[in-house]
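Here's the letter readout for the chains.
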Amino acid sequence: VPIAIVIKAMGVESDLEIVQLVGSDPEIVDALAISLEEPNKLGLYTQLQCLRYIGGKIRSRVSGGPFAAKSWKKPQAPEDEARDVLANVVLSHVPVINFNFRPK
C-alpha cells in the first residue's frame, strides 16, 4: 500500500498537508511525488475511501485447525479493520486514542 494512502487513511487528506508533515525539501517532495499520485489514480480522495482500500487488502483470520474456535474473530467492516491495524500495528509503540492518528 503506498504511503500516501496510509497517511490519508490516518486522516491527513490534503497532499499539501502530507508534504508539510513529511518535509518540503525538493529531494523529499520528488521522492514522495509518485506515492502522492497513487491515491488519485485509484480514485481515493477521502479518509474513508483509503480505509476501505486498506481494509480490502487485509486478510482476516479464517476458521480452521484445532484452535479455530479460539482464534476466530467476528468479521469487521473493511474500514474498521484498517483502523484497527493502523492503530495497533503501524508504529504500534505510538498510542492512538479514539482513532486520532495525529501523533503517529
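Note that the coordinates shown come from a computational prediction; the quantities given were computed from them, not determined experimentally. (Residues numbered from 1 in each chain as written. Predicted model: local features only at pLDDT ≥ 70, side-chain atom pairs only at ≥ 80, totals over all residues. Heavy atoms only, no water.)

This next bit is on the packing of helix α4 (residues 47-57) against helix α6 (residues 78-88). In a pair of packed helices, the angle between the axes and the distance between the axes together describe the arrangement. Packing of α4 against α6 brings their axes to within 7 Å, and their N-to-C directions diverge by 85°. Of the possible angle classes, the one that applies to α4 and α6 is roughly perpendicular. Taken together, the residues of α6 that come into contact with α4 (itself represented by Leu48, Leu51, Arg52, Ile54, Gly55 and Gly56) are Pro78, Glu79, Ala82, Arg83 and Leu86. (Axes fitted to C-alpha atoms, helices over the stretch in contact; angles between N-to-C directions. Helix = DSSP H or I, 4+ residues; strand = E, 2+ residues; numbered from the N terminus. Parallel < 35°, antiparallel > 145°, perpendicular 65-115°, else oblique. Contact = heavy atoms within 4.5 Å.)

Moving on, we come to the confidence of the model for the protein chain. The predicted model of the protein chain averages 81 in pLDDT, with 79% of residues at 70 or higher. Highest mean pLDDT in the protein chain belongs to α4 (93); lowest belongs to helix α5 (residues 68-71) (50). Note on residues 61-69: pLDDT under 50 across the span, and 5 contacts to partners over four residues away in sequence or across chains. (pLDDT = per-residue confidence, 0-100.)

Their axes nearest at 11 Å, the elements helix α2 (residues 15-22) and helix α3 (residues 26-41) cross at an angle of 145°. α3 is crossed by α2, and the crossing has right-handed handedness. Only Ile28, Val29, Leu32, Leu36 and Asn40 of α3 make contact with α2, whose side of the interface consists of Asp15, Ile18, Val19 and Val22. Considered class by class, the residues forming the contact of α2 with α3 number 7 nonpolar, 1 polar and 1 charged. (Left-handed = near helix turned anticlockwise from the far one by under 90°. Nonpolar A, V, L, I, M, F, W, Y, C, P; charged D, E, K, R; others polar.)

What the rule picks out here adds up to 4 salt bridges. Put simply, Asp80 and Arg83 hold a salt bridge, and the shortest N to O gap is 3.1 Å. Of this pair, Asp80 and Arg83 both sit in helix α6, 3 residues apart, roughly one helical turn. Residue classification places Arg83 among the partly exposed residues on the basis of a relative accessible area of 22%. (Salt bridge = Lys/Arg side-chain N within 4 Å of Asp/Glu carboxyl O. Buried < 20%, exposed > 50% of the residue type's maximum accessible area, 1.4 Å probe, protein only.)

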